[in-house]
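Residue strings, one per chain:
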Amino acid sequence: MAFYGDVAPGEAFRPSAALSNDIRHFLNGLNGFGGNPFGANGAGTVRIQAYNATGGEVKAGTAVNFDESKKMSGDAVPMKSFSDPKKPWGVVTQKLGEGEIGDCFISGPVTVSLSGSGDYAQPTAGSPSVFTRGAEGAPVLYANGGRGVINLGAGTSENYDGPFALSYDAETKMLKIKAGYLTRNGEFLSVAEAELAPETGTVCVKTELADGEWSEPEILFATPSQFCYPIGHVKKDGEGDKMSVAVCSYRVPVAVILAVKDCDEEND
């Protein structure tokens, strides 16, 4: 939204299409993003004024981060291209050219484009205007035909970040597992972090004892067993751009593996 100066008394009035359109955009915005029926009076939403400092045009429904390297313009904060879902971000509710000011939703229901399936959705750096559905991000309130309403600021149902925490990177389409700890027959050691191609199944820490030697610990999809300790579960739906991945971490502080066998008892 551009800046418009005051009109002085007696000054000849000249209609402005840009001013008229910006007023329409502002009034439409008061009825919720895109005039959707969710929060039609703006109730429950939190928006801030932000100006486009990305260096290009920002389309309506696009996620943006905020640029702390630049100064505010009045009450408007500078926005930058979306790059990190872990940093504060919001959704622009109208098309903004370079330097223009407009509404940016940071909480409450907004309408966005969606891909994949899942109860939550979040943007990625490579696709800030199409939110990827899965197990992280903002709850999806409604979805149909590639469009839907998400509830910004509500967060996900699980936010475990401890040993062996599972997460899905929608940008790289890889499953990430944090480093953790393992004890095997009393030997305590660390297990390195890992990346796996997503599939439906159980993620385990595996190390085997053979001929008196333990194998190097590894994280992989496997069936839980004596030498495969379960640390989480993954559900994959679809392929390619329509793929969604839901993860569940079992919150395992230490994976425990024991190699034991029955001993024969001889009676005198």
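Residues numbered from 1 in each chain as written. Predicted model: local features only at pLDDT ≥ 70, side-chain atom pairs only at ≥ 80, totals over all residues. Heavy atoms only, no water.

Description of the sheet that holds strand β19 (residues 228–237)
Across a sheet, strands are paired by hydrogen bonds formed along the backbone, either parallel or antiparallel in direction.
Thought 1: Strand order in the open sheet made by the four strands is β18-β15-β19-β20, with antiparallel pairing throughout. Every other strand in the sheet has two partners, leaving β18 (218–221) and β20 (244–249) as the edge strands with one partner each. Geometrically, the sheet is characterised by an average inter-axis angle of 25 degrees between neighbouring strands, direction not taken into account.
Thought 2: One ladder, built from four bridges, connects strand β15 (residues 201–206) with β18; its direction is antiparallel. By the bridge assignment for β18, K206 is matched with E218. (Pairing = 2+ DSSP bridges. Helix = DSSP H or I, 4+ residues; strand = E, 2+ residues; numbered from the N terminus. Axes fitted to C-alpha atoms, helices over the stretch in contact; angles between N-to-C directions.)

Comments concerning a nonpolar patch on the surface
Thought 1: There is a patch of nonpolar side chains on the surface, built from V256, L258 and V260 and spanning about 290 Å² of accessible area.
Thought 2: For V260, the position within the fold is in the segment after β21 (255–257).
Thought 3: Note on V260: relative accessible area 68%, which makes it exposed. (Patch = residues over 30% accessible without salt bridge, like charges linked within 9 Å, V, L, I, M, F, W, Y side chains within 5 Å. Areas by Shrake-Rupley, 256 points an atom, 1.4 Å probe, with all protein chains shown as cover. Salt bridge = Lys/Arg side-chain N within 4 Å of Asp/Glu carboxyl O. Buried < 20%, exposed > 50% of the residue type's maximum accessible area, 1.4 Å probe, protein only.)

Points about the pattern of salt bridges
Thought 1: Per the stated rule, a full pass over the model turns up seven salt bridges.
Thought 2: Across the salt bridge formed by E187 and R184, the nearest N and O atoms sit 2.9 Å from each other.

A closer look at the side chain of D67
Thought 1: Mapped onto the fold, D67 is located in the loop between β2 (63–66) and β3 (77–81).
Thought 2: In this structure the side chain of D67 is engaged in a polar contact, spanning 2.5 Å, whose partner is the side chain of S69.
Thought 3: Beyond its immediate stretch of four places on either side in the chain, D67 contacts P78, M79 and K80. (Polar contact = N/O pair within 3.5 Å; in protein donor to acceptor, adjacent residues only side chain to side chain. Contact = heavy atoms within 4.5 Å.)

Description of unusual backbone geometry
Thought 1: In the Ramachandran plot, F164 falls in the positive-phi region, its phi being about 60 degrees despite a non-glycine side chain.
Thought 2: Along the chain, F164 turns up in the loop between β9 (147–152) and β10 (166–169).
Thought 3: Despite not being glycine, N185 has its phi angle at roughly 50 degrees, a positive value.
Thought 4: The topology assignment puts N185 in the loop between β12 (180–184) and β13 (187–191).

As for the nonpolar core
Thought 1: If you look at the biggest cluster of nonpolar residues, it comprises 24 residues, and the most contacted ones within it are F164, L175, I177, V203, I219, I231 and V234.
Thought 2: Not counting residues up to four positions away in its chain, the partners in contact with I177 are F164, A165, L166, E193, A194, L196, V203, I219 and I231. (Core = buried A, V, L, I, M, F, W, Y, C linked by side-chain atoms within 4.5 Å.)

Let's talk about the sheet that holds β12
Thought 1: Spatial strand order, β13-β12-β21: three strands in an open sheet with mixed pairing. What marks the edges here is a single partner per strand, and that holds for β13 and β21. Each strand axis lies, on average, 25 degrees off the axis of its neighbour in the sheet, ignoring direction.
Thought 2: With five bridges connecting them, β12 and β13 associate as antiparallel partners. Looking at β13, one finds that Y181 is bridged to S190.

Observations concerning the confidence of the model for the chain
Thought 1: Of all residues in the chain, 86% attain a pLDDT of 70 or more, and the chain-wide mean is 85.
Thought 2: Confidence drops under a pLDDT of 50 for residues 31–42, and excluding neighbours within four residues, the segment shows 21 contacts in the predicted structure. (pLDDT = per-residue confidence, 0-100.)

Regarding the pairing of β12
Thought 1: In terms of burial, β12 is a largely internal element, four of the five residues being buried.
Thought 2: Between β12 and β13, which pair antiparallel in sequence order, lie two residues; one of them, N185, sits at a positive phi of approximately 50 degrees.
Thought 3: Across three bridges, the pairing between β12 and β21 is parallel. Within β21, the position partnered with R184 by the bridge is I257.

Focus: the packing of aromatic side chains
Thought 1: Applying the stated criterion to the full structure yields four aromatic pairs.
Thought 2: Their ring planes at 85 degrees and their centres at 5.9 Å tell us that F82 and W89 sit as a pair that is edge-to-face.
Thought 3: F82 gets classed as buried once you look at its relative accessible area, which sits at 5%.
Thought 4: Consider the rings of Y181 and F188, whose centres lie 5.8 Å apart with planes at 20 degrees: the pair is stacked.
Thought 5: In this structure Y181 comes out as partly exposed when scored by relative accessible area, which is 36%.
Thought 6: Through a chain of ring-to-ring contacts, the aromatic side chains of F82, W89 and F131 assemble into a single cluster. (Phe/Tyr/Trp six-rings, centres within 6.5 Å; stacked < 30°, edge-to-face > 60°.)

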